[in-house]
Structure formats: structure tokens, C-alpha cells
Amino acid sequence: MSTEKPVPAISTESVSTDPVDRVIRYHIQTKHHFNRYARALGYLDWANQPDPFRRFEGAPLVSLPLLPPDEDPVSPAYDAIYQPGAVACQPVNVRSLSRFFEFALALSAWKQAEDMQWALRSNPSSGNLHPTEGYLVLPQIKGLNLKPGLYHYAPKEHGLELRAEFGPDHVARLLALFPPGAFLFGLTSVHWREAWKYGERAFRYCNHDVGHAIGAARIAAATLGWNMALLDGLSQNTTAMLLGTDRTGDFGEAEPEHPDCLAVVWPVKDVRGEALGVRSNDTIGIPLFLDPDMVKSLAAGPWYGKANHLSREHGVHWDIIDEVAEASWKTDSSERTVEVLLDQTTPHALPLTPHGHSAGQIIRQRRSAVSFDGKTSISAATFFRMMQLVMPHSERPQLERLMPWDVWPYDPAIHLLIFVHR
């Protein structure tokens, strides 16, 4: 880390108040330049390194079973998760939720150097700082012995903290338009975890990590024969209300969480077009919104737990992060739907060559590429096959897009062009 003094902030005089202009200004101000880095503390304040594990003291903790690889639900072959209909659909129960979090947000390994020890996780993170927190909104599901409510995932304990109890009838009405067995998956960011190291660029990295977490969750869902879609029609006010991030009394002086997104996850085999409203002979409409009045009613129920402090002190508070978070806050909502294939039995046209590894093995051994030895190698064919699996392949937008891109309700190629143009 550079020991340079933080660069003074750019003057805010005569600056546009338009939210888009404010976000672009943040982007420009926090770029690295040839003659300077973006502003940061200039050193690592090890005495106040953030706790990587958020907990809510007083919230009941439900431990998830630690499942060996050969216990049900057993991970399918890695190639199978990219072939619609090739993975057996698992029921939503404590064991399948354990696998879901194991492959999405769980600890995957511990590393140690001298007296320092740190954890790696299934989802990648910039600097391994892991600002992203995961949540579940569970209805009453047959075979799932958990109370309907909001749960926070505690990765160190591999458990679910009950943050709020929801009445079964209320949450059933909230999710009535979704397939049977559907539940909600939410993500938030603790900006301080990134700001501690990266200063004013932290908002960039938090969004970067949320994208990784969405992709990891979509892949985890695919290993269980589940589908997933981002609820892009929601306002962030509704997301904050449902995830409890707007409950200032529950956070007190602790570091707040920024509500990033909510997604719906559902078992594919339970989808019946007659119940959801068939769009055509082969598709159904999945809502990308929730009724804000129902969410408000749910949020009025009993809540549990107070957030822990992640650092004793904060050397610098980066106001520009608060400013861009406010400028990019989504205030509008829309009752949008997305079309999803009803028949999931036709394999995707993308050719894949089986290599024998399970999805779980590939996910658990994921590591960042930080150094290369000049000896280890892969073939060009293997490299291009890896690249092929991260391309959208949107011949028919959304309907036949390659997983994990199908979680996003837009054509990513179009949005990429817009971004490059801007």
C-alpha cells in the first residue's frame, strides 16, 4: 500500500446535482491516474482491521448441517449445471439450503502465514475483504423445519440467524405470484470493510463483490436444480425494509449495511404454467417485484438481534462513498415480469466436453490467481472452454441464456455496449 498522503478531494462547487452526474463524478474522482492513486488512508491500520464476520447478538442461530461431499444432496457433474434439465431438482429443506450456502457464500478454506490466519470463501472478493452479507426470506415450506421469516447467513458458524419472524399467511401472500417452494435471497454490503483498505474506491469494490456473490449464488442454485432471477423491479427502500438494513436501532454505532439486491430462487420441477399464467406454449412470467405494502406489513413483526461492531475505530470516514450510495439509490419500482422457459429438458446448444469433476469440487477449490510458476499450464482448448462458460450466449435474451447470466433480466450484451459507449 502506498504511503503517500491522501490526495485532497475535488472541489464540489458548481457540481451538478443530477444523480447520474454524481455517480459519474465519483467514478472519475476515484480512478487511479499515472501520477497518483485514488485517495486512501495510505497504510493498513491493522489495529482496526474489520471483523470479517457480521453477527447479530441476541438473534437465534440455526446451525446448518456440515455435509460431506458424498451425502445427499450430492453435487452433480460440473458440466451438468450448464445443461438445462440435466440436474435433478432437490426439495427445499435444511440440507439443500446448507448445500446452497456452502457453494454460494461459505468458508472454503483457512490459510495461515506466521501468526496470521484468514478464511477463503466460495464467492470471490476483492482483497478477500468480503463486504457482502447474505440473507434469506423463507415462507412455510413442507419439509423445511424453519420458522417463516428473515434469516442472516453466518458463514463462520455455517448457520442462519433469525432476524425477524413473519406470519406464515403474510409471507405466503407476498410470494403468491412465484412458483411453489420459492424463497428470497438477499445481499447487502458493508462499505467499511472495503474502505478500511481501499479508501474512496470502496463503493466500486463492493458492487464488484455483489456481482460475484450473485453469480456464485446462481451457480449454487443450479447444482440443486433450482432457478434464480433478480427482482429488478424493486426499489431499494423496499429491499432495505425487508432485509432490515433501515433499522437504525439494530445497528446503533455498528457499521451499517447497504441493501444491494433481492432475488427469487425456486425449484424448477415445481413450476406449473397453469398456476403462474403461461405467456406462451413454452414460457411463464416470473414477477420481478414485491408488493411494498405487504413488505411493510411483514417488517412490523418481531425482530431479533443487534449488529456487532466490526472495528473499534475508523481512521477516516469517506463522505464520497455516502454521496455515491445516495446518488445511485434506486427510488422507483416497476411491476415487471421476465419470461422463463417452462420446459427445462432441452439441453443448451453450447457444446461441453465432460471432464469428470463435480460442481462442488470445482467450487470448493476456487482460488484467486495471484502468482504463476511458469511451469503449470492448461491447454488452449481448456482455456477457451473456460472463457466460453462465462459468455452470455444470448441468442434469445433471457430464455436460453447460459447460466449464470440467466439470473439477470436484461441482455448483458446490450448493456455492455451502452457502458462502453458512455
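Reading the values: the criteria
- Residues numbered from 1 in each chain as written.
- Predicted model: local features only at pLDDT ≥ 70, side-chain atom pairs only at ≥ 80, totals over all residues.
- Heavy atoms only, no water.
- Axes fitted to C-alpha atoms, helices over the stretch in contact; angles between N-to-C directions.
- Helix = DSSP H or I, 4+ residues; strand = E, 2+ residues; numbered from the N terminus.
- Parallel < 35°, antiparallel > 145°, perpendicular 65-115°, else oblique.
- Left-handed = near helix turned anticlockwise from the far one by under 90°.
- Contact = heavy atoms within 4.5 Å.
- Nonpolar A, V, L, I, M, F, W, Y, C, P; charged D, E, K, R; others polar.
- Phe/Tyr/Trp six-rings, centres within 6.5 Å; stacked < 30°, edge-to-face > 60°.
- Buried < 20%, exposed > 50% of the residue type's maximum accessible area, 1.4 Å probe, protein only.
- Lys NZ or Arg CZ within 6 Å of the ring centre and 35° of its normal.
- Salt bridge = Lys/Arg side-chain N within 4 Å of Asp/Glu carboxyl O.
- Core = buried A, V, L, I, M, F, W, Y, C linked by side-chain atoms within 4.5 Å.

## With respect to the packing of helix H2 (residues 94-104) against helix H5 (residues 202-222)
- Between H2 and H5, the least distance of the axes is 8 Å, while the angle of their chain directions is 140°. One way to sum up the angle between H2 and H5 is to call them oblique. As H2 packs across H5, the resulting crossing turns out to be right-handed. Contacts between H2 and H5 involve Phe100, Phe103 and Ala104 on the former and, on the latter, Ala216, Ala217, Ala220 and Ala221.
- Across the contact of H2 with H5, the residue classes tally to seven nonpolar, no polar and no charged.

## Here we look at the packing of aromatic side chains
- Applying the stated rule across the entire model yields 13 aromatic pairs.
- When the ring of phenylalanine 56 is compared with that of phenylalanine 251, the centres are 5.9 Å apart and the planes differ by 85°; the resulting orientation is edge-to-face. Taken as a pair, phenylalanine 56 in strand S1 (residues 56-57) and phenylalanine 251 in helix H7 (residues 248-251) lie far apart in primary sequence, 195 residues in all.
- Classification of phenylalanine 56 by relative accessible area gives buried; the value is 1%.
- Note on phenylalanine 183 and tryptophan 226: the rings are 5.6 Å apart at their centroids and 80° apart in plane angle, and the pair reads as edge-to-face. Pair noted here: phenylalanine 183 is in strand S8 (residues 183-189) and tryptophan 226 is in strand S9 (residues 226-230), with a separation of 43 residues, a long-range link. You'll find phenylalanine 183 and tryptophan 226 in the same group, each marked buried.
- Ring-pair connections join several aromatic residues into one group, and the members of that group are Phe100, Phe101, Tyr153, Phe183, Phe185 and Trp226.
- Above the face of the phenylalanine 56 ring, arginine 163 is positioned so that its terminal group lies 4.2 Å from the ring centre.

## Structural notes on the environment of arginine 173
- Relative to the helices and strands, arginine 173 resides in helix H3 (residues 168-174).
- Between the alpha carbons of arginine 173 and proline 139 there is a distance of 9.6 Å; along the sequence they are 34 residues apart.

## Side note on unusual backbone geometry
- Following aspartate 72, the chain continues to proline 73 via a peptide bond in cis, the omega torsion being -5°.
- Examined against the element boundaries, proline 73 turns out to sit in the loop between strand S2 (61-63) and H2.
- The backbone phi angle of glutamate 114 is positive, close to 55°, even though this residue is not glycine.
- The residue histidine 130 is not glycine, and still its phi comes out positive at about 45°.
- Position of histidine 130 among the secondary structure elements: in the loop between strand S4 (116-121) and strand S5 (132-138).

## Topic: the environment of cysteine 206
- One can find cysteine 206 in helix H5.
- A relative accessible area of 1% places cysteine 206 in the buried class.
- Along the chain, cysteine 206 and valine 190 lie 16 residues apart, while their C-alpha atoms are 7.8 Å from each other.
- Residues in contact with cysteine 206, not counting those within four places in the same chain, are Pro131, Ser189, Val190, His191 and Glu194.

## Observations regarding the pattern of salt bridges
- Evaluated as defined, the whole model comprises 17 salt bridges.
- For arginine 54, the salt bridge is made with glutamate 257, and the minimal N-O distance between the two is 3.1 Å. With a gap of 203 residues between them, arginine 54 in the loop between helix H1 (19-29) and S1 and glutamate 257 in the loop between H7 and strand S10 (258-267) connect regions that are remote in the sequence. Exposure class is identical for arginine 54 and glutamate 257. Each is buried.
- In this structure, arginine 163 and aspartate 250 form a salt bridge, with 3.2 Å as the shortest nitrogen-oxygen distance. Of the two residues, arginine 163 sits in strand S7 (residues 159-165) while aspartate 250 sits in helix H7, which places them 87 residues apart along the sequence. As far as burial versus exposure is concerned, arginine 163 and aspartate 250 are alike and both buried.
- Shared partners join several salt bridges into a network, and the residues in it are Arg163, Arg247, Asp250 and Lys306.

## Some remarks on the nonpolar core
- In terms of nonpolar packing, the biggest core is built from 37 residues, with Leu97, Phe100, Phe101, Leu136, Phe185 and Trp226 touching the most fellow members.
- For this core, the elements supplying multiple residues, two or more each, are H2, S5, strand S6 (149-154), S7, S8, H5, S9 and S10.
- Element by element, the count of residues in this core is highest for H5, at six residues.
- Ranked by size, the runner-up nonpolar core spans 34 residues in total, among them Ala182, Leu262, Ala299 and Val338.

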